[in-house]
Amino acid sequence: MNETAIEFRDVVKCFGDVTVLNHLNFSVKKGEKVSIIGPSGSGKSTVLRILMTLEKIESGAVYVAEQPLWHEIREGRLAPAGERHLREMRREMGMVFQQFNLFPHMTVRRNITEAPRHVLGLSKNDANARAEEYLQLVGLSDQADKYPHQLSGGQQQRVAIARALAMRPGIMLFDEPTSALDPELVGEVLAVIQRLSQESDLTLLLVTHEMQFAHNISDRVCFFDKGEIVEDGPPEVIFTHPKEARTREFLKLD
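Residues numbered from 1 in each chain as written. Predicted model: local features only at pLDDT ≥ 70, side-chain atom pairs only at ≥ 80, totals over all residues. Heavy atoms only, no water.

### Notes on the overall build of the protein chain
Point 1. A tally of helices and strands in the protein chain yields nine helices and twelve strands.
Point 2. Computed over the C-alpha atoms, the radius of gyration of the protein chain is 18 Å, within 12% of the 18 Å expected from 2.2 N^0.38 for a compact globule of 254 residues.
Point 3. Along the longest, intermediate and shortest principal axes, the C-alpha atoms of the protein chain span 50 × 50 × 35 Å.
Point 4. Counting over 254 residues, the protein chain shows a buried share of 52%.
Point 5. Across the protein chain, contacts joining residues at least 24 apart in sequence account for 63% of those joining residues at least 6 apart.
Point 6. Accessible surface, the protein chain as shown: approximately 12300 Å² in total, 45% of it carbon and sulfur.
Point 7. Charge-centre separation for the protein chain: the mean point of 30 positive side chains lies 5 Å from the mean point of 36 negative side chains. (Helix = DSSP H or I, 4+ residues; strand = E, 2+ residues; numbered from the N terminus. Rg over C-alpha atoms; globule rule 2.2 N^0.38 Å. Buried < 20%, exposed > 50% of the residue type's maximum accessible area, 1.4 Å probe, protein only. Contact = heavy atoms within 4.5 Å. Areas by Shrake-Rupley, 256 points an atom, 1.4 Å probe, with all protein chains shown as cover. Lys, Arg positive; Asp, Glu negative; His and termini not counted. Charge placed at Lys NZ, Arg CZ, Asp CG, Glu CD.)

Printed below as a string of structure tokens:
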């Protein structure tokens, strides 16, 4: 696991006068499962949005699969990336948002097959076979012909996971994937993510407020506060005897 899947080098991100990421240095190895925890406004979700090119950076550099994300190499120098480069880089990653973002007018099957057909150029048969594969993985093989409004929130989020996986990314990003769910539906979504973490060689980067879940699935846990990494280590260290007072305060360990 020496290859780096994600790397932030001295990244600064501001919203107006507010610095959300303050010269962030952060990396994730290929195949590693990393959780980001921290208070609201600490920059956790911004990390994922930058990776998906939904937010630009002020300075620094971001690398995905050891290739520059927001820049491309022209004549031996880094230059601002064009849309074609950004589109190619986005293929490396799949993202599951807090809200499910399914197309309401499309069936579950078509929600999953649309991008593989139109972005990857898969045939209808191949895209349908891929949809069936991932619906089976998330336990929804019998829901392929339903529409999103006919599903529970937990089922919709599992479809969103299947849709992201159908693009066969090397990296999966999860932005608090259970925060919009009723408590009784949280477990079914976490079970799918846990299965992914155990049975796949995907790189997983998860922003979550589910501390026990982060403890269970993570190789590393990073505690963010005020746009910086306050502490970074194995889950058994972070959740039981963290070194930093701010981490202990957040986890209510004092």
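Moving on from the model shown.
### A short note on unusual backbone geometry
Among all residues except glycine, the phi angle is most often negative; among peptide bonds, the trans geometry is most common.
Point 1. A positive phi angle, close to 50°, is found at Ala65, a residue other than glycine.
Point 2. Looking at the element boundaries, Ala65 is found in the loop between strand E4 (59-64) and strand E5 (67-68).
Point 3. Given a relative accessible area of 25%, Ala65 falls into the partly exposed group.
Point 4. The phi dihedral of Arg168 falls on the positive side, at around 50°, and the residue is not glycine.
Point 5. Structurally, Arg168 is set in the loop between helix H5 (153-165) and strand E9 (171-175).

### With respect to the UniProt feature "domain: ABC transporter" (unreviewed entry) in the protein chain
Point 1. Following the UniProt record, one finds the feature "domain: ABC transporter" (unreviewed entry) at residues 6-251.
Point 2. Annotated as 36% helix and 28% strand, the span residues 6-251 places its first and last C-alpha atoms 26 Å apart. (UniProt positions renumbered as here; feature names shortened; annotations may be inferred.)

### Section: the packing of H5 against helix H6 (residues 183-199)
Point 1. Look at H5 against H6: their axes get within 8 Å of each other, and the N-to-C directions meet at 20°. Comparing the axis directions of H5 and H6 gives the class roughly parallel. Regarding H5 and H6, the two cross each other, and that crossing is right-handed. Where H5 abuts H6, its residues Gly153, Gly154, Gln155, Gln157, Arg158, Ile161 and Leu165 lie against Leu185, Glu188, Val189, Val192, Ile193 and Leu196.
Point 2. For the contact of H5 with H6, the class distribution of residues is seven nonpolar, four polar and two charged. (Axes fitted to C-alpha atoms, helices over the stretch in contact; angles between N-to-C directions. Parallel < 35°, antiparallel > 145°, perpendicular 65-115°, else oblique. Left-handed = near helix turned anticlockwise from the far one by under 90°. Nonpolar A, V, L, I, M, F, W, Y, C, P; charged D, E, K, R; others polar.)

### Digging into the packing of aromatic side chains
Point 1. Enumeration over the complete set of coordinates arrives at three aromatic pairs.
Point 2. Measuring from ring centre to ring centre gives 6.1 Å for Phe26 and Phe224, while their planes differ by 85°; the resulting arrangement is edge-to-face. Residue Phe26 is found in strand E2 (residues 18-29), and its partner Phe224 is found in strand E11 (residues 220-225); the two are separated by 198 residues along the sequence. Across the pair, exposure class does not vary: Phe26 and Phe224 are buried alike.
Point 3. Considering the side-chain rings of Phe223 and Phe250, the 5.1 Å spacing of their centres and the 35° angle between planes classify their relative orientation as tilted. Within this pair, whereas Phe223 is found in strand E11, its partner Phe250 is found in helix H9 (residues 245-250), the two being separated by 27 residues in sequence.
Point 4. Residue Phe250 is classed as partly exposed on the basis of its relative accessible area of 21%. (Phe/Tyr/Trp six-rings, centres within 6.5 Å; stacked < 30°, edge-to-face > 60°.)

### Some thoughts on the environment of His23
Point 1. With respect to the element layout, His23 can be found in strand E2.
Point 2. With 164 residues separating them in the primary sequence, His23 and Gly187 have C-alpha atoms 36 Å apart.
Point 3. For His23, the contacting residues outside a window of four places in its chain are Asp10, Val11 and Val12.

### Quick notes on the nonpolar core
Point 1. Counting residues in hydrophobic clusters, the biggest one holds 34 residues, and the most contacted among them are Ile112, Ile161, Met172, Phe174 and Ile193.
Point 2. Of all the secondary-structure elements, those providing two or more residues to this core are helix H3 (108-118), helix H4 (124-137), H5, E9, H6, strand E10 (203-207) and helix H7 (211-217).
Point 3. Considering each element in turn, this core owes the most residues, seven residues, to H6.
Point 4. What Ile193 contacts, discounting residues up to four positions off in sequence, is Ile161, Phe174, Pro177, Leu204, Phe213 and Ile217.
Point 5. Core analysis: the next-biggest nonpolar cluster, separate from the first, contains 31 residues, Val47, Val64, Leu69 and Cys222 among them. (Core = buried A, V, L, I, M, F, W, Y, C linked by side-chain atoms within 4.5 Å.)

### Focus: the side chain of Thr208
Point 1. Topologically, Thr208 is positioned in the loop between E10 and H7.
Point 2. Residue Thr208 is classed as buried on the basis of its relative accessible area, which comes to 3%.
Point 3. Within polar-contact distance, the side chain of Thr208 engages the backbone nitrogen of Glu210 at 2.9 Å.
Point 4. Residues contacting Thr208, with those up to four places away along its chain left out, are Ser35, Ile36, Ile37, Glu176 and Ala214. (Polar contact = N/O pair within 3.5 Å; in protein donor to acceptor, adjacent residues only side chain to side chain.)

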